[in-house]
Amino acid sequence: VGMALGLIEPSLLQALPERVFGIMFNETLLAIPFFTFMGLILERSGMAEELLDTIGQLFGSVRGGLAYAVIFVGALLAATTGVVAASVISMGLISLPIMLRYGYDRRLATGVIAASGTLAQIIPPSLVLIVLADQMGKSVGDMYAGALVPGLVLTSLYALFVFGYSMLKPDSAPALPPEARTLHGSAMLVKILTALVPPLVLIFLVLGTIFIGVATPTEGGAMGAVGALVLAIARRRLSVSLLNQALDKTAKLTCFAIFILIGATVFGLVFRGVDGDLWVEHLLLDLPGGQLGFLIVVNLMVFLLAFFLDFFELSFIIVPLLAPVADKLGIDLVWFGILLAVNMQTSFMH
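Residues numbered from 1 in each chain as written. Predicted model: local features only at pLDDT ≥ 70, side-chain atom pairs only at ≥ 80, totals over all residues. Heavy atoms only, no water.

(A) Seen up close, the overall build of the protein chain. Tallying secondary structure elements over the protein chain gives 15 helices and zero strands in all. Over its C-alpha atoms the protein chain spans a radius of gyration of 22 Å, differing by no more than 12% from the 20 Å that the globule rule assigns to 350 residues. A principal-axis box enclosing the C-alpha atoms of the protein chain has dimensions of 75 × 50 × 35 Å. Among the 350 residues that make up the protein chain, the fraction classed as buried is 48%. Sequence separation of at least 24 residues holds for 81% of the intrachain contacts in the protein chain that already meet a minimum separation of 6. Surface exposure of the protein chain reaches about 16500 Å², of which carbon and sulfur atoms provide 70%. Across the protein chain, the mean location of the 17 positive side-chain charges is 14 Å away from that of the 22 negative side-chain charges. (Helix = DSSP H or I, 4+ residues; strand = E, 2+ residues; numbered from the N terminus. Rg over C-alpha atoms; globule rule 2.2 N^0.38 Å. Buried < 20%, exposed > 50% of the residue type's maximum accessible area, 1.4 Å probe, protein only. Contact = heavy atoms within 4.5 Å. Areas by Shrake-Rupley, 256 points an atom, 1.4 Å probe, with all protein chains shown as cover. Lys, Arg positive; Asp, Glu negative; His and termini not counted. Charge placed at Lys NZ, Arg CZ, Asp CG, Glu CD.)

As structure tokens, then:
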């Protein structure tokens, strides 16, 4: 349409191959397949089930114990996998039947699973933050450091909500009956050490090295992938078929992400060709209220868009239009990125 109306020169599209090669040469984006692979290996090797079972037993005697277990396991899975669908599906399949069997309110049970599953969006090493950092031209390490506290605050708020709910409506989140709590004393301690410590070590290996500055996020992802394989071998869960499944799914997910990025690049190129970016910039800069007005409008818009769009589409198409305006208004881009990530995390629940 642009060419037919004489708005775009056909020669503009000659810039496209270079841009596509630029995407393929981007080392930051290499972290996506690594973290996806790591999450899939951990999910398929039954780590989520073991964690849920152990923490469920640990909190079993407390009212709402299973809900706390789901939230904390959700946060741990988020820190080890970074893949939302993986966390939500595995948590839903494992914990929902157990919660319903012990008389939990359906709304509380499903809400807790949906909320804790989406924590993978915000708690590092999150794919969302890698993509946002790349689009905003900021370091992934800074994004991870900035997202850690908001992620933990969200986790605590979810736990606080369950605490309040179980106090007001004790019947909706009962404690586990004694016959369901099979682990006690030293057996419980051994189970905690074997189920909880390895994923925590893996989290420290991946995030610790990135935060200290020893490894780049891509190298951290590679270490995480190797660590996940070691854990799966140690648990005697690694088989050729599991490895094939994980590699196949990783390749598919990475290709999806890259193709959305290539599509967004074509869109971005044409959009800039017709001065669309300048139009959006003027529109957002002229909003009343300066920084605050811009932030309110952008957050409302992203919140509504994330009901329907995946974070890849939002990050590749919407964020490149917003980031330059935020920069001109003097907003810290790392802070802005974290704000958008928290916003999307909350919106995905809806």
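(B) Geometry of the side chain of T209. Mapped onto the secondary structure, T209 falls in helix α9 (residues 185–212). The buried category is assigned to T209, whose relative accessible area is 16%. There is a polar contact of 2.5 Å between the side chain of T209 and the backbone oxygen of L205. Engagement of the side chain of T209 in a polar contact is seen with the backbone oxygen of V206, the distance being 3.0 Å. Not counting the four nearest positions on each side in its chain, T209 is found in contact with F204, V214, A215 and M223. (Polar contact = N/O pair within 3.5 Å; in protein donor to acceptor, adjacent residues only side chain to side chain.)

(C) Just unusual backbone geometry, in detail. Residues other than glycine seldom take positive phi values, yet R236 does so here, at roughly 60°. As for its placement among the helices and strands, R236 is situated in the loop between α10 (217–234) and α11 (240–273). Given a relative accessible area of 79%, R236 falls into the exposed group. In the Ramachandran plot, D275 falls in the positive-phi region, its phi being about 60° despite a non-glycine side chain. Checked against the element boundaries, D275 lands in the loop between α11 and α12 (276–285). Given the relative accessible area of 44%, D275 is considered partly exposed.

(D) Main features of the pattern of salt bridges. Tallying each qualifying case throughout the model produces three salt bridges. Notably, a salt bridge pairs K252 with D248, separated by 3.6 Å at the nearest N-O pair. Here the residue K252 and the residue D248 both occupy positions in helix α11, the gap between them amounting to four residues, near one helical turn. On the accessibility criterion, K252 (46% relative accessible area) is partly exposed. With a shortest N-O distance of 2.4 Å, E281 and K328 are connected by a salt bridge. Of the two residues, E281 is situated in helix α12 and K328 in helix α14 (residues 311–328); the sequence distance between them amounts to 47 residues. (Salt bridge = Lys/Arg side-chain N within 4 Å of Asp/Glu carboxyl O.)

(E) Here's a closer look at the nonpolar core. Ranked by size, the top nonpolar core spans 102 residues in total, and within it F294 and F336 carry the most contacts. Among the elements that take part in this core, helix α4 (residues 65–81) stands out by supplying 12 residues, more than any other. Residues in contact with F294, not counting those within four places in the same chain, are L284, L287, L322, V325, A326, L329, I331 and F336. (Core = buried A, V, L, I, M, F, W, Y, C linked by side-chain atoms within 4.5 Å.)

(F) How the structure looks around the environment of I260. Checked against the element boundaries, I260 lands in helix α11. The class of I260 is partly exposed, set by a relative accessible area of 25%. A sequence separation of 52 residues divides I260 from F312, and the C-alpha atoms of the two residues are 7.2 Å apart. Each residue touching I260, except ones within four places of it in the same chain, is listed here: F312, E313 and F316.

(G) Layout of a nonpolar patch on the surface. On the surface, V149, V153, L157, L160, F163 and M167 cluster together into a nonpolar patch covering about 590 Å² of accessible area. By the element assignment, L160 lies in helix α8 (residues 140–168). Residue classification places L160 among the exposed residues on the basis of a relative accessible area of 55%. (Patch = residues over 30% accessible without salt bridge, like charges linked within 9 Å, V, L, I, M, F, W, Y side chains within 5 Å.)

(H) Structural context of the packing of aromatic side chains. Under the defined criterion, the tally for this structure stands at six aromatic pairs. Arranged with centres 6.1 Å apart and planes meeting at 65°, the rings of F307 and F308 form a pair that is edge-to-face. Classification of F308 as exposed rests on a relative accessible area of 71%. Through pairs of rings, three or more aromatic residues link up here, namely F303, F307 and F308. Sitting over the face of the ring of Y102, R101 holds its NZ or CZ atom 5.8 Å from the ring centroid. (Phe/Tyr/Trp six-rings, centres within 6.5 Å; stacked < 30°, edge-to-face > 60°. Lys NZ or Arg CZ within 6 Å of the ring centre and 35° of its normal.)

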